[in-house]
Amino acid sequence: MGRSKKIPTMANAGVYGATLHYLKAIKETGTDEAQAVVHKMKEIPVNDFFTKDGRVREDGRVIRDMYLFQVKSPEDSKYPYDYYRLLKTVPGLQAFRPLADGGCPMIAKKS
């Protein structure tokens, strides 16, 4: 935000979180070998400013809580970037299709 003078977007936060999780997995494994890092990424929880106790599922999908927001009226905004009101938190296990219903070819090969 300091350089761009814009508030980060959900996409910016997602890329930051994914990169941070990848680097944590490299640190924990002590290598950048792909298979070891991917295994570790699926093993350790995803925890950053954007995701709390998420996980990378076997098919690579990140399971995390999702949020329903309402855009505030200008009168309801109290400070800069105060745009949204949280209406509901949807737990990750409810927000995403179950692994068995996904049809992921990576999973089918293992069956």
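A short tour of the structure in this document, coming up. Just so you know, the residues in each chain are numbered from 1, in the order the chain's sequence is written. Only residues with pLDDT of at least 70 are given local features in this predicted model, and only at 80 or more are side-chain atom pairs given and counted; all residues enter the totals for whole chains, interfaces and linings. To get the side-chain values, take all heavy atoms of the structure and skip hydrogens and water.

### Describing helix α2 (residues 34–43)
Point 1. The buried label applies to any residue whose accessible area, calculated with a 1.4 Å probe on protein chains only, is under 20% of its type's maximum; exposed applies above 50%, and partly exposed to all values in between. Helical segments are the DSSP runs of H or I of at least four residues, strand segments are the runs of E of at least two, and each set is numbered from the N terminus. V37, K40 and M41 are the residues of α2 that are buried. For α2, the buried positions fall inside an angular range of 105 degrees around the axis, keeping them on one side. Opposite the buried face of α2, by more than 90 degrees, sit the exposed residues Q35 and H39.
Point 2. Any pair of residues with heavy atoms lying within 4.5 Å of one another is described as a contacting pair. On the buried face of α2, the contacting elements are α1 (10–29) and β1 (55–56).
Point 3. One side-chain oxygen at the N-terminal end of α2 lies 3.1 Å from the backbone nitrogen of Q35; it belongs to E33. To be clear, the arc concerns the directions from the helix axis to the C-beta atoms. N or O atoms closer than or at 3.5 Å make up a polar contact, with two conditions inside protein: a donor-capable atom paired with an acceptor-capable one, and, for residues adjacent in sequence, both atoms drawn from side chains.

### Describing the packing of α1 against α2
Point 1. α2 packs onto α1 with a crossing angle of 110 degrees between their chain directions and a minimal axis gap of 8 Å. Judged on the interaxial angle alone, α2 and α1 are roughly perpendicular. For α1 against α2, the interelement crossing comes out right-handed. Between α1 and α2, the contacting residues are H21, Y22, A25, I26, E28 and T29 on the first element and A36, V37, K40 and M41 on the second.
Point 2. Note that Gly is not counted as nonpolar here; it falls among the polar residues with everything else outside the nonpolar set of Ala, Val, Leu, Ile, Met, Phe, Trp, Tyr, Cys and Pro and the charged set of Asp, Glu, Lys and Arg. Counted by class, the contact of α1 with α2 contains six nonpolar, two polar and two charged residues. Here an axis means a line fitted to C-alpha atoms, over the contact stretch when the element is a helix, while the angle between two N-to-C directions is reported on a 0 to 180 degree scale. Between 65 and 115 degrees an angle is taken as roughly perpendicular, under 35 as roughly parallel, over 145 as roughly antiparallel, and anywhere else as oblique. Here is the rule for handedness: rotate from the far helix to the near one, and if that takes an anticlockwise turn smaller than a right angle the crossing is left-handed, while a clockwise turn gives right-handed.

### What to know about the packing of aromatic side chains
Point 1. Each Phe, Tyr or Trp ring, with Trp reduced to its six-membered ring, pairs with another whose centre is within 6.5 Å; inter-plane angles below 30 degrees give stacked pairs, above 60 give edge-to-face pairs, and intermediate values give tilted ones. Within the structure shown, the criterion is met by six aromatic pairs.
Point 2. With 6.3 Å between their ring centres and 50 degrees between their planes, F49 and F50 make a pair best called tilted.
Point 3. Its relative accessible area of 56% is what places F49 among the exposed residues.
Point 4. Three or more aromatic residues link up through ring pairs in this structure, and these residues are Y67, F69, Y81, Y83 and Y84.
Point 5. Sitting over the face of the ring of F50, R64 holds its NZ or CZ atom 4.2 Å from the ring centroid. A ring has a charge above it when a Lys NZ or an Arg CZ is no more than 6 Å from the ring centre and no more than 35 degrees off the ring normal.

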